[in-house]
Amino acid sequence: MSDLPNDDIEYVEDMGLIRRFPSAEISNRIYREIIPRELTYSTQYMLTQQQAWYLTPQRRIDMPELLTAFQQFFRENSQSWIERFDYKEAGLQLLLQAFLQRIINGVGASTANTA
């Protein structure tokens, strides 16, 4: 957080988005879900994956295929994406969350409805 302007830190703290003591953290469970999602929105938007490739014929998630696809994506893109994040220490987790968010939402629609 030392790279961030103090006014920015104070602003998000005053808004109740973060706590700084005893250590800096997102202030509540809802924000812990929303803030990383919003920080990775542009990455999520750029991840173009078709829903069908990661589903079995029974419309369930094909975990081996999904993990293989993420490993390949990570090998090919992680360095360039990590450089784009303002929060480099969280970049790896944000990249994974962005990748998985697109899968879980099926580009905006829950896959649970298709089972």
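None of the values given here were measured: they were computed from a predicted structure. (Residues numbered from 1 in each chain as written. Predicted model: local features only at pLDDT ≥ 70, side-chain atom pairs only at ≥ 80, totals over all residues. Heavy atoms only, no water.)

Caption draft 1: Structural detail: the overall build of the protein chain. A count of helical and extended segments in the protein chain gives five helices and two strands. Listed N to C, the secondary structure of the protein chain is α-β-β-α-α-α-α in terms of helices and strands. By residue count, 25% of the 115 residues in the protein chain fall in the buried class. Looking at the protein chain as shown, the accessible area adds up to about 8,300 Å², and 54% of this sits on carbon and sulfur atoms. (Helix = DSSP H or I, 4+ residues; strand = E, 2+ residues; numbered from the N terminus. Buried < 20%, exposed > 50% of the residue type's maximum accessible area, 1.4 Å probe, protein only. Areas by Shrake-Rupley, 256 points an atom, 1.4 Å probe, with all protein chains shown as cover.)

Caption draft 2: The arrangement of a nonpolar patch on the surface in detail. Nonpolar side chains collect at one region of the surface, where Tyr-41, Tyr-45 and Met-46 lie side by side and expose about 380 Å² of accessible area between them. Note on placement: Tyr-41 falls in helix α3 (residues 41–46). By relative accessible area, which is 49% here, Tyr-41 ends up partly exposed. (Patch = residues over 30% accessible without salt bridge, like charges linked within 9 Å, V, L, I, M, F, W, Y side chains within 5 Å. Salt bridge = Lys/Arg side-chain N within 4 Å of Asp/Glu carboxyl O.)

Caption draft 3: Examining a negative patch on the surface more closely. A cluster of like negative charges, contributed by Asp-7, Asp-8, Glu-10 and Asp-14, occupies part of the molecular surface. Mapped onto the elements, Asp-14 comes out in helix α1 (residues 6–14). Look at Asp-14 and you get exposed, because its relative accessible area is 67%. (Lys, Arg positive; Asp, Glu negative; His and termini not counted. Charge placed at Lys NZ, Arg CZ, Asp CG, Glu CD.)

Caption draft 4: Quick look at unusual backbone geometry. Note the cis peptide between Phe-21 and Pro-22, where omega equals 5°. Mapped onto the secondary structure, Pro-22 falls in the loop between β1 (18–19) and β2 (25–26). Here the phi dihedral of Arg-59 falls at roughly 65°; this positive angle occurs in a residue that is not glycine. Looking at the element boundaries, Arg-59 is found in the loop between α3 and α4 (63–84).

Caption draft 5: Molecular detail of the pattern of salt bridges. Applying the stated criterion across every chain, the model contains three salt bridges. Between Glu-33 and Arg-37 there is a salt bridge, with its nearest N and O atoms 2.2 Å apart. Within this pair, Glu-33 and its partner Arg-37 are both found in helix α2 (residues 29–39), separated by four residues, close to a single helical turn. A relative accessible area of 41% means that Glu-33 is categorised as partly exposed. Take Arg-37: its relative accessible area is 32%, and that puts it in the partly exposed class.

Caption draft 6: Up close: the side chain of Thr-40. Inspection of the secondary structure assignment puts Thr-40 in the loop between α2 and α3. Judged by its relative accessible area of 1%, Thr-40 falls in the buried class. Looking at Thr-40, its side chain comes within polar contact range of the main-chain oxygen of Arg-37, at 3.2 Å. When residues no more than four places from it in sequence are discounted, the contact partners of Thr-40 are Phe-85, Leu-94 and Ala-98. (Polar contact = N/O pair within 3.5 Å; in protein donor to acceptor, adjacent residues only side chain to side chain. Contact = heavy atoms within 4.5 Å.)

Caption draft 7: A look at the nonpolar core. Within the largest apolar cluster, 13 residues are counted, with the highest numbers of intra-cluster contacts made by Tyr-54, Leu-66, Phe-73, Phe-85, Leu-95, Phe-99 and Ile-103. With six residues, the top contributor of residues to this core is α4. (Core = buried A, V, L, I, M, F, W, Y, C linked by side-chain atoms within 4.5 Å.)

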